[in-house]
Amino acid sequence: MTNQRVVFYLPLKKQQPLISLSLFLKLSIAEDAEDGRVIYRFTATDRDSGKAGNVTYALAGDSQELPFRVHPITGTLVLAPPGVDYELRNSYFVRIVASDDGTPQKRTENGAYVSVEDVNDNRPVFRVTAPLGGSANSVQCTADGANCTVHVHESSSDSVVHGLAHLNATDADSSENGGPFKFKLLDVNEGE
Ligand SMILES: [Ca+2]
Ligand SMILES: [Ca+2]
Ligand SMILES: [Ca+2]
C-alpha cells in the first residue's frame with residue numbers, strides 16, 4: 001500500500017481596498033473658498049486584479065449631507081454648495097468609503113477632520129445702548145447696527161459729568177478678525 005497525500009486548495013481570499021491615510025488626518029478650507037475647491041485627494045490600493053481591484057470612492061452615510069463631494073474615480077474631495085461658513089460651523093468630520101468592484105464587494109471606510117478657517121467677512125456692529133445724561137438725549141442706530149447717531153439736547157448738563165452715550169460693538173468673526181475696536185466721530189452737526 002502506498003502512502004497517499006491529499007492536498008486541499010483553499011480559495012484565495014479577496015482583498016479589500018486600503019485607504020492610505022492616518023486616522024486623524026486634519027484638513028482645512030477657508031470659509032470664502034469657491035465651490036469645487038480641492039481640499040484633498042484620497043488614494044486607496046487594492047491588491048486584487050481585475051474588477052476585484054477596481055477602486056471607487058464615495059462619501060459615507062451622513063457625510064453625503066455635508067458641503068463636500070468626492071470624485072468616484074480620482075478620490076478628490078472638493079467643496080460643494082452651499083459652501084462653508086465659519087460663523088455657522090467651524091469643523092466637520094468626513095467619512096470616505098473606498099469600494100472595489102468584486103463579488104462580493106469589499107469596502108474600507110476612513111475619515112478626516114475638515115476645519116473651516118475664518119475670513120474677515122463681518123464688520124463690527126454697534127450694540128444699542130441707552131443714552132446717558134437724562135432723557136433729553138437719544139441714540140439712534142441703523143437696523144444693521146453699522147451706524148449710530150447721538151442726539152444731545154442743549155439742556156442736558158449732566159452729560160458733561162456722565163458722558164453722552166455708552167457705545168459698544170461686536171463682531172461675529174474670530175478674535176483675529178474681530179475686536180478690539182476703535183471708535184471715531186464721523187460728523188458733528190450743530191442743531192437749531
Ligand atoms: Ca462667514
Ligand atoms: Ca470682522
Ligand atoms: Ca468670518
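Whatever comes next refers back to the structure up there.
In this text the structure is predicted, and so the values were computed from the model without any measurement.

Peer 1: Please give an account of the overall build of the chain that cites residues and values.
Peer 2: For the chain, the helix and strand inventory stands at one helix and 13 strands. Listing every helix and strand of the chain by position from the N terminus yields β-β-β-β-β-β-β-β-β-β-β-β-α-β. Out of the 192 residues in the chain, the part that is buried amounts to 15%. A separation of at least 24 residues holds for 64% of the contacts in the chain among residues at least 6 apart in sequence.

Peer 1: Before we move on, could you go through the sheet that holds strand 2 (residues 26-30) and cite the residues and values that matter?
Peer 2: The strand order across the open sheet built from four strands is 2-9-8-5, with neighbouring strands paired in mixed fashion. A single partner strand is all that each edge strand has here, and the edge strands are strand 2 and strand 5 (56-59). Along the sheet, successive strands turn relative to each other by an average axial angle of 35°, direction set aside. As paired elements, strand 5 and strand 8 (residues 91-99) share four bridges and run antiparallel to each other. Opposite Thr 56, over in strand 8, you have Ser 99 as the bridge partner.

Peer 1: I'd like a rundown of the sheet that holds strand 3 (residues 38-41), residues and numbers included.
Peer 2: Pairing within the open sheet is antiparallel, and its three strands lie in the order 3-7-6. Two strands bound the open sheet, and with one partner strand each, they are strand 3 and strand 6 (68-70). Adjacent strand axes in the sheet meet at a mean angle of 20° when their direction is disregarded.

Peer 1: If you had to explain the nonpolar core to someone new, which residues and values would you point to?
Peer 2: Ranked by internal contacts, the top residues of the largest apolar core, which has 18 residues, are Ile 29, Phe 42, Tyr 57, Leu 77, Val 94, Ile 96 and Ala 98. Looking at this core, the elements that each hand over two or more residues are strand 6, strand 7 (76-79), strand 8 and strand 9 (107-117). The dominant element in this core, judged by the number of residues it contributes, is strand 8, at four residues. The contacts of Leu 77, once residues within four sequence positions are left out, are Ile 39, Tyr 40, Phe 42, Phe 68, Val 70 and Val 94.

Peer 1: Could you give me a rundown of the pairing of strand 7, with the residues and numbers involved?
Peer 2: Every second residue of strand 7 is oriented toward a common face, the buried set being Leu 77 and Leu 79 and the non-buried set Thr 76 and Val 78. With three bridges joining them, strand 3 and strand 7 adopt antiparallel strand pairing. Residue Tyr 40 lies in a different strand from strand 7, and its bridge partner there is Leu 77. Pairing between strand 6 and strand 7: three bridges, direction antiparallel.

Peer 1: Which residues make up the pairing of strand 9, and what values go with them?
Peer 2: Sheet topology note: the strand 2/strand 9 ladder contains five bridges and is parallel. Within strand 9, the residue paired with Ala 30 across the bridge is Glu 117. Across nine bridges, the pairing between strand 8 and strand 9 is antiparallel. Bridge pairing in strand 9 links Ala 98 to Thr 108.

Peer 1: Residues and numbers for unusual backbone geometry, please.
Peer 2: In this structure, the amide linkage connecting Pro 81 to the following residue, Pro 82, adopts the cis form with an omega of 5°. If you trace the backbone, Pro 82 turns up in the loop between strand 7 and strand 8.

Reading the values: the criteria
- Residues numbered from 1 in each chain as written.
- Chains lettered and ligands numbered in written order.
- Predicted model: local features only at pLDDT ≥ 70, side-chain atom pairs only at ≥ 80, totals over all residues.
- Helix = DSSP H or I, 4+ residues; strand = E, 2+ residues; numbered from the N terminus.
- Buried ≥ 20, exposed ≤ 12 C-beta atoms within 10 Å, placed from the backbone.
- Contact = placed C-beta atoms within 7 Å.
- Pairing = 2+ DSSP bridges.
- Axes fitted to C-alpha atoms, helices over the stretch in contact; angles between N-to-C directions.
- Core = buried A, V, L, I, M, F, W, Y, C linked by C-beta atoms within 7 Å.

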